[in-house]
Amino acid sequence: MSDVQNIEIERYQDNITEDIRKVIEKYREIMAWDVPENDTVEADRLIFKAIHSAIAGIEKSQ
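I will try to describe carefully the structure that is included in this document.

Conventions and cut-offs
- Residues numbered from 1 in each chain as written.
- Predicted model: local features only at pLDDT ≥ 70, side-chain atom pairs only at ≥ 80, totals over all residues.
- Heavy atoms only, no water.
- Salt bridge = Lys/Arg side-chain N within 4 Å of Asp/Glu carboxyl O.
- Helix = DSSP H or I, 4+ residues; strand = E, 2+ residues; numbered from the N terminus.
- Phe/Tyr/Trp six-rings, centres within 6.5 Å; stacked < 30°, edge-to-face > 60°.
- Lys NZ or Arg CZ within 6 Å of the ring centre and 35° of its normal.
- Expected span 1.5 Å × (residues − 1).
- Buried < 20%, exposed > 50% of the residue type's maximum accessible area, 1.4 Å probe, protein only.
- Arc of directions from axis to C-beta.
- Contact = heavy atoms within 4.5 Å.

### So, the pattern of salt bridges
On inspection of all chains with the given rule, the structure shows three salt bridges. Residue Arg11 pairs with Glu8 through a salt bridge whose shortest N-O separation is 2.9 Å. Here Arg11 and its partner Glu8 are both found in helix H1 (residues 3-34), three residues apart, which amounts to about one turn of the helix.

Now the structure itself:
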């Protein structure tokens, strides 16, 4: 990665983090609607696992 790319990604890091937080919150809310006795800790664990799996799949396809 070039120096310019490193600088550019640093500029976007906070935005990327915020976008991922919003995705987590979105699916946390959906699970709360769909699962009457929702365990938020377990829901977060499952959401993180799904996000990690999705990222790994995207990386593999690149």
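Back to the write-up after that little detour.
### Remarks on the packing of aromatic side chains
Within this structure, the stated rule accounts for zero aromatic pairs. The cationic tip of Arg11 hangs over the ring face of Tyr12; the distance from NZ or CZ to the ring centre is 5.5 Å.

### With respect to helix H2 (residues 40-61)
For H2, which comprises 22 residues, the first-to-last C-alpha distance of 31 Å matches the rise-based estimate of 32 Å (1.5 Å per residue) to within 8%. Within H2 the residues assigned to the buried category are Ala43, Asp44, Ile47 and Ile51. Along H2, the residues classed as buried sweep out an arc of 95° about the axis, all on the same side. Those residues of H2 that are exposed and angled more than 90 degrees off the buried face are Val41, Lys49, His52, Glu59 and Lys60. Residues of H2 that are buried in the fold lie against H1.

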